[in-house]
Structures are given as structure tokens and as C-alpha cells.
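For reference, the chains in residue letters:
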There are 2 protein chains.
Amino acid sequence: MAAPPTTPETRERLIDAAVFLFWQNGYAATGVAEILARAKVNSGSFYHFFRSKEALLLAVLDWYVRGLKPFVMQPAFAQSPDPIERVFAVLAFYRQNLIKTGCTYGCPIGRLALEIPENRAEVHHLLAANFDGWTAAIETCLDAARDRLPPDLDRTSLSQFVLTVMEGGVMQSRAHRRIGPFDASVRHLRRYFELLTQSPHHARPVTPPRPIPRPGGPRKTTHRSLTQELL
Amino acid sequence: MAAPPTTPETRERLIDAAVFLFWQNGYAATGVAEILARAKVNSGSFYHFFRSKEALLLAVLDWYVRGLKPFVMQPAFAQSPDPIERVFAVLAFYRQNLIKTGCTYGCPIGRLALEIPENRAEVHHLLAANFDGWTAAIETCLDAARDRLPPDLDRTSLSQFVLTVMEGGVMQSRAHRRIGPFDASVRHLRRYFELLTQSPHHARPVTPPRPIPRPGGPRKTTHRSLTQELL
DNA sequence: GTCTATATGCCGATAGAC
DNA sequence: GTCTATCGGCATATAGAC
């Protein structure tokens, strides 16, 4: 069961290289030759594993879907047991990436979501799946904090709002090359949460949390199929 | 002072074509040949006016800077005299563009802000100038509504937050091909404003009744070119 | 300012030996 | 599965007549 000490396999090296280069330079601006050089792979091997550059992009996006929890959400959640603090720990993760790159590399998924031509349905499907996984993870935090939030509040749409704030903040910080707009956006999101949790929605009942899971209720999206979700 | 009925000059035709194609397909994916065909201009004429494709991009971004007030802000502000409603009228403008394009074309500035390589300083400078013009216009609304907002609130950063919500919402709607995420984000921004204006910072003057903002209300323009409508 | 023809290079993708 | 060599095409940009 111990992992063998070999260098990563060719296919994984290609995905790793593409993950970095698409993040740094985008999809169209990254040439296959660049990927080959970085991965130290020859052209023939590339087309043995991937039928095209776009097929590699799909593998990259699948890699992001699978890596979201172990590499983003779980480390962020480990920062605090408080569910709302966990939301902001996720945002702090993206802030760190901005800082480390001089505010030049933002969210790789967001970048691709705006770059990829609209007629590549399969690619956009995987982009949407990435967003869905992200918001679903945030939603688990919001659900855990439901007692502090107004009862009429829709936590699914609030999780989308959190993603909106992250992506919009990253975009402005990249344009300005300053972390300021990102921080400003997160501060306002923080204030929104404070106002929501302070709003006198009702006297808090001492009723214990629900035991009955409703059949059509909020699903855990991590087991959703990646190819059947859109629309 | 009547506008002469001539066809647009070559330079303007090139900019118009590029505005549309960069909006639809992005910068790298748009070939010069495509621009020439759409503008009905020959290669020689193109390089008479622009030293390179990137020089045309700079002209396009300058076009957006100059068009922001007449083609986006003023029409939106005409929807309501209430300054906070005007903020949401601007957001409704972008909603309309999403709807008209099946949620495929978003904000052209945001798209370019994430696509253009980070080492093109001049381009990013003009992208930031576009964002600055946008948030400055929003800030005039917030300043006009200052009596309804908490005294400690920083209106500059709130105007950046409004842009963040617009851009993040557009991005998610493009990925999902549904207007839902955009609407959800704007709803939460609305709720944030309501909480801010309701917070008991001091005695407040009479709040005017809030009319329902029909997103993208009655259009009075019929002969504006498509590309002129979008910022 | 406009036109046609073309230079030059990189692009994604392939052929075929090993 | 890996390697070298290369294809055909499209990219941006230019030359030079008119």
C-alpha cells in the first residue's frame, strides 16, 4: 500500500503541467509545446494519452473537481471549528494565492469560465461542476450555522453569493494589481454576515435540530454526476 | 450639427468590429482576419491605423472608457431618481445583456481582465481605468444616498463591492447558462443594502417607497448598434 | 488611404520507427 | 509507450502598386 517512489506517470505530469500553465497563462495562450516542455514529455506520448488539447483541458477540470475538498476546503475548514469562520477561511485561501503571485494569478476556474468559447458544452459542464462543488461546500458551513441566520434565508443562494464575491474580488485585484479590492469585497461580505446574524428574526426556540431528512431536500452535491447536472 | 449620413470611417468600423468580436470570443481567439471581414476593411488599411492587434485592443478599451457614461450609466440612471435604485438599474442593464445572449456573453471588460497576460501593463492600465470609471459612477449614487447609509460606511469600497457582485454573478451565470446565480447575487446585494439602510445609526428622514425594478425596463433605443449597447 | 499578394513563424496534430 | 521528424493551416504582420 505504500506509495512507490517513482516519478509521476506521464499522464499525471501532463495534467500537472497544464494545471499550472492554464492557471498562469490561460487556455488559448498556452501552447501544447509549452506543456510538453514543462512536463518533459514528447508529442507522441501526449497524443497517446489525450486525443487533443481540449481533452487535456477536460482532464484538468476533472482534476480540480477531485482536488477541491482535499486541497482547498479541508485545509480551510481546519482553521476554525466555527462554520462562518470557515467560509472566510476559504476566502483567505484565495487571498493567499493572490498575494503569492503579486495579484496576477486568480482563480483558475473563474479564468477559464470566462475564456472558453461558449459552444464547448462539455468544458462548460465541468466548469459548472467545479462551481457547484465549491458552493456546495460553502453551503455545508451555512447549514451548520443555520441557527444564527434568519429563518427565511436561502442558504443555497447565499453560497453562490459567497462565490460571487470571491470571483469578483479576484478579478478586480488582478486588474489593479492590488489586494485592496479583494479585501474590500470580503470586508463587505463580512459585514453582511454580521448584519444577518444580528438581525432580530425571532426569539430563538430551544427546539433541537431536525432528525428527519426530507426526500427532496437539499442534497449533498458531491455525489452528483458531473455530466448530468446542468439546466 | 446634424450627423452626416456617411458610413462610419474605416478606423471606427475596425473598432466597432473588434468591440463585438472581443466581447463574443475574447482577445486571443479573435483573429485579425475575422475583424477585417466584419469591418469590411483590408489588411493594409488596418495596419495603416493600428500598428498591431494589441494597439487595436487599446483603442477598444479606450472606446469603452468613453462610452461608459453615455451608454451605460446615463440610461440606467434615467430609470429612477432614487440613487440606490440607480445602482440596481445598472445591474439590471447587465442582466439584460445576459438574457439577450442566452447567458453566454458577460461583461467584456471582466472577460478581458482575466484573459490578458499579466505583463501587458498598458492594457491592464486601461482595464483598471474602466473599472475605476464604473465604480466612480456607482459611488456618486452612494454619495447621494449617504443620509440613508451608516456614517462609518466607506462608500468607495462599497462601490467596488457592487462591481464585485456584478462580475461574479455574470461569471457564474455564464458557466451555468442560467440567469439564476446572477439574480441570486443581486438579491443578496439588495438585502445587504436594506440591512445597511435599516441599521439604527441615527434618525432617518422619510424613506421613499421602493418601486419594483423591472430588470431592463422599457428600452427606448431602437437604432443603437448592438455593440454600442454593451459595456 | 486602399488594395492584393505574400512573408514568416508558430499552432495543433500526425506518421511511423523503435 | 516513447521517440524524431514533419505536415498543413492559420496566425500576425508586411511589401509595394495604385
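Along each chain, residue indices are assigned from 1 in the same order as the chain's sequence is written. Note on labels: chains are lettered from A, ligands numbered from 1, in written order. A pLDDT threshold of at least 70 governs which residues receive local features in this predicted model, and a stricter bar of 80 or more applies before side-chain atom pairs are shown or counted, although totals over entire chains, interfaces and linings include all residues. As a rule here, side-chain values come from all non-hydrogen atoms in the structure, and water together with hydrogens is ignored.

A.B. asks: Account for the protein's contact with DNA strand C, with residues named and values stated.
C.D. replies: Here a residue is near a molecule or strand as soon as one of its heavy atoms is found within 4 Å of it. Contacts to DNA strand C come from 14 residues, most closely from Val32, Ser43 and Tyr47 of chain A together with Thr10 and Asn42 of chain B. At the protein interface, 59% of the atoms of DNA strand C within 4 Å belong to sugar or phosphate. Between a phosphate oxygen of DNA strand C and a side-chain N or O atom of Tyr47 of chain A, the distance comes to 3.2 Å. Under this definition, polar contacts are N or O atom pairs within 3.5 Å; protein pairs additionally need one hydrogen-donor-capable and one acceptor-capable atom, and for neighbouring residues in sequence, both atoms have to be side-chain atoms. In this structure, Asn42 of chain B approaches DNA strand C through a side-chain N or O atom, which is 2.4 Å from a phosphate oxygen. Only DSSP runs of H or I reaching four residues or more are called helices, and only runs of E reaching two or more are called strands; each is numbered from the N terminus. Tallying contributions element by element places helix α3 (residues 43–49) of chain B first for the surface near DNA strand C, with five residues.

A.B. asks: Provide a residue-level description of the relation of the copies chain B and chain A, including the pertinent values.
C.D. replies: Our superposition of the copies is a least-squares fit, built on the C-alpha atoms of residues whose pLDDT is at least 70 in both. Rotating chain B by 180 degrees and moving it 0.0 Å along the rotation axis overlays it on chain A with an RMSD of 0.0 Å. Such a combination of rotation and displacement between the chain copies is what one expects of a two-fold axis. When each C-alpha of chain B is compared by its distance to the rotation axis, Gly168 of chain B comes out closest, at 2.2 Å.

A.B. asks: Would you mind going over the side chain of Glu167 of chain B in detail, with residue names and values included?
C.D. replies: Tracing the backbone shows Glu167 of chain B in helix α8 (residues 155–176). Three labels apply to residues, based on accessible area from a 1.4 Å probe with only protein chains included: buried if under 20% of the type maximum, exposed if over 50%, partly exposed otherwise in between. The charge count treats Lys and Arg as positive and Asp and Glu as negative. His and the chain ends do not count. Salt bridge, as applied in this entry: a Lys or Arg side-chain nitrogen positioned within 4 Å of an Asp or Glu carboxyl oxygen. Salt bridges are absent for the buried Glu167 of chain B, whose nearest opposite-charge side chain, Arg174 of chain B, sits at 10 Å. Two residues qualify as a contact provided that any one of their heavy atoms is within 4.5 Å of a heavy atom in the partner residue. Residues contacting Glu167 of chain B, with those up to four places away along its chain left out, are Gly168 and Met171 of chain A together with Cys107, Gly110 and Phe131 of chain B.

A.B. asks: Can you lay out the protein's contact with DNA strand D for me, pointing to particular residues and giving the numbers?
C.D. replies: Close to DNA strand D lie 14 residues, the nearest being Thr10 and Asn42 of chain A together with Val32, Ser43 and Tyr47 of chain B. Counted by atom, the contact set of DNA strand D within 4 Å of the protein is 65% sugar and phosphate. Note that a phosphate oxygen of DNA strand D is positioned 3.3 Å from one of the side-chain N or O atoms of Tyr47 of chain B. Lys53 of chain B has a polar backbone atom sitting 2.9 Å from a phosphate oxygen of DNA strand D. Contributions of two or more residues to the surface near DNA strand D are made by α3 (43–49) of chain A together with α3 of chain B. Sort the elements by how many residues they give to the surface near DNA strand D and α3 of chain A lands first, with five residues.

A.B. asks: Talk me through helix α7 (residues 121–144) of chain A; I want residue IDs and the actual numbers.
C.D. replies: Working rule for helices: expected span equals 1.5 Å times residues minus one. Its 24 residues place the ends of α7 of chain A 34 Å apart at the C-alpha level, agreeing with the 34 Å of an ideal helix rising 1.5 Å per residue. The buried fraction of α7 of chain A amounts to 18 of the 24 residues, a majority that puts the element mostly inside the structure.

A.B. asks: So what about the pattern of salt bridges? Which residues, and what values?
C.D. replies: This model, assessed by the stated rule, comprises 14 salt bridges over all chains. Notably, a salt bridge pairs Asp152 of chain B with Arg191 of chain A, separated by 3.0 Å at the nearest N-O pair. In this pair, Asp152 of chain B sits in the loop between α7 (121–144) and α8 while Arg191 of chain A sits in helix α9 (residues 180–198), so the two residues belong to two different chains. The class for Arg191 of chain A is partly exposed, based on a relative accessible area of 22%.

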